[in-house]
Amino acid sequence: MAETFEALVLHQEDGRTVARLENLPVDALPEGEVLLEVLCSTLNYKDALAITGAGRIVRSFPFVPGIDLAGRVVASSDARFRPGELVFSTGWGVGERHWGGLARLARLKADWLQRIPEGLDPRRVMAIGTAGFTAALCVLALEDQGVRPGDGEILVTGAMGGVGSVAVLLLARAGFRVVAATGRPEQEARLKELGAASVVDRREVAESGKGPLASARWAGAVDAVGGAVLAGLLKAVRYRGVVAACGNAGGGELVTTVYPFILRGVRLVGIDSSMNPMPERERAWARLARDLDLARLDAITSVIELAHVPATAPRFLEGKVEGRIVVRVDPRA
Ligand SMILES: NC(=O)c1ccc[n+]([C@@H]2O[C@H](COP(=O)([O-])OP(=O)(O)OC[C@H]3O[C@@H](n4cnc5c(N)ncnc54)[C@H](OP(=O)(O)O)[C@@H]3O)[C@@H](O)[C@H]2O)c1
């Protein structure tokens, strides 16, 4: 094996985060039981915050970002994994506190690794990535709270983004009537191709009137946006409806009242993908492997090379990303 590997490395220079491709010595990798050759990674909103320095995601430099990776085991001191096996990892602080997937090699804890589910491959697993996995957790949360397709419309916010697109695909596949909320209503045709029954402008969701409640419409919601959009949609959730809140693309503040909760029995469920325990992960990935239409997944995925990552990351913060972005780390992948 070569003594160095190519990696995207973040540095802190004059108070700014700078990302550069560099060759690093293999022994610079952090500790972990499993050494992996990375085949693919992906970009999520959190990666964009880390790479641009717009969010305080990374605290020690130099640092290799990338919260998701799929690759082949090179060496393992853990009996669960053998050289040559294809595995992947999402979250667990990788790409935040532990060097991540935007590099040709990674060393991770065995507890953070999963086998590629039957029917998927490294590129598709990364096309799903943390965003798609989070969408699956949100859908499972609605169903676990008893929301069923006959109950009424389900709102998905940030619908053109990674979490939103996969949530629309999964919900439509499960037979729900999905309404996609977006800041890009001109993309109605694309959202309908994913399975949305109709499309609303996110401003309409946010501006749902001055009172604490609006006319009841949503049987459930998957919210990737937070802020005024989440506050607005909460006012219009039907009696005993369920909202899975996972994102803050539109803001971290939530200004609301208790009335949706105490008069309509609305349930607000928080979703965290990063430290989600392994049994729930396996359940969500089994659902993704079973239900995601791979042709549709491919249609919402763009593939970039490692060298394109620094120029692509800011697009997340401008709300310009459509669907999912896979990073082909190994040019043969
Ligand atoms: N809880 C977790 O474990 C978890 C996991 C993954 C992601 N997340 C969070 O979920 C959110 C979405 O992540 P992602 O990877 O899907 O990002 P993404 O691909 O950039 O999608 C975010 C979408 O939100 C909408 N949006 C962007 N800026 C906005 C703004 N200023 N106001 C209102 N809407 C805006 C856009 O959708 P439209 O153009 O359709 O409006 C955009 O496509 C992020 O906040 C991310 O941090 C959380």
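**Q** Break down the sheet that holds strand E10 (residues 198–201) for me, with residues and values.
**A** Strand order in the open sheet formed by 6 strands is E10-E9-E8-E11-E12-E13, with parallel pairing between adjacent strands. Only two strands of the sheet have a single neighbouring strand rather than two, namely E10 and strand E13 (267–270). On average, each strand axis in the sheet is inclined to that of its neighbour by 20 degrees, with strand direction left out of account. Sheet topology places strand E11 (residues 218–223) next to strand E12 (residues 237–245); 5 bridges connect them, and they run parallel.

**Q** Describe the domain arrangement of the chain, with residues and values.
**A** Under the domain assignment, the chain is made up of domain 1 (4–116 + 300–328) and domain 2 (133–270). Opposite the 9 residues of domain 1 that make contact, domain 2 presents 7 residues. Broken down by class, the residue content of the side of domain 1 that touches domain 2 amounts to 3 nonpolar, 4 polar and 2 charged.

**Q** Tell me about helix H6 (residues 227–235), residues and numbers included.
**A** Looking at H6, one finds that the buried residues are Val 229, Leu 230, Gly 232, Leu 233, Leu 234 and Lys 235. Buried residues along H6 sit against strand E8 (153–157), strand E9 (177–182), helix H5 (202–206), E11, E12 and helix H7 (259–263).

**Q** If you had to explain the site of the ligand to someone new, which residues and values would you point to?
**A** Of all residues adjacent to the ligand, which total 32 residues, the nearest are Gly 158, Gly 161, Thr 182, Gly 247 and Gly 250. Looking at the shell around the ligand, the elements that each hand over two or more residues are helix H1 (45–52), helix H2 (122–144) and helix H3 (162–173). Looking at which domains feed residues into the shell around the ligand, each of domain 1 (4–116 + 300–328) and domain 2 (133–270) gives three or more.

**Q** Describe helix H8 (residues 278–291), with residues and values.
**A** Look at H8: 20 Å from first C-alpha to last across 14 residues, which is about the 20 Å you get at 1.5 Å a residue. All buried positions along H8 are accounted for by Ala 284, Trp 285, Arg 287 and Leu 288. Relative to the axis of H8, the buried residues are bounded by an arc of 155 degrees and lie together on one face. Facing away from the buried side of H8 by over 90 degrees, the exposed positions are Met 278, Pro 279 and Arg 290.

**Q** Break down the packing of H2 against H8 for me, with residues and values.
**A** Following both chains from N to C, one finds H2 and H8 inclined at 100 degrees, their axes separated by 9 Å at the closest point. Classified by the angle between their axes, H2 and H8 sit roughly perpendicular to one another. Contacts from Ile 128, Gly 132, Phe 133, Ala 136, Leu 137 and Leu 140 of H2 reach H8 at Arg 283, Ala 284, Trp 285, Arg 287 and Leu 288. Residues of the contact of H2 with H8, tallied by class, amount to 8 nonpolar, 1 polar and 2 charged.

The rules we used
Residues numbered from 1 in each chain as written. Predicted model: local features only at pLDDT ≥ 70, side-chain atom pairs only at ≥ 80, totals over all residues. Pairing = 2+ DSSP bridges. Helix = DSSP H or I, 4+ residues; strand = E, 2+ residues; numbered from the N terminus. Axes fitted to C-alpha atoms, helices over the stretch in contact; angles between N-to-C directions. Domains from an automatic or database assignment. Contact = placed C-beta atoms within 7 Å. Nonpolar A, V, L, I, M, F, W, Y, C, P; charged D, E, K, R; others polar. Buried ≥ 20, exposed ≤ 12 C-beta atoms within 10 Å, placed from the backbone. Near = placed C-beta within 6 Å. Expected span 1.5 Å × (residues − 1). Arc of directions from axis to C-beta. Parallel < 35°, antiparallel > 145°, perpendicular 65-115°, else oblique.

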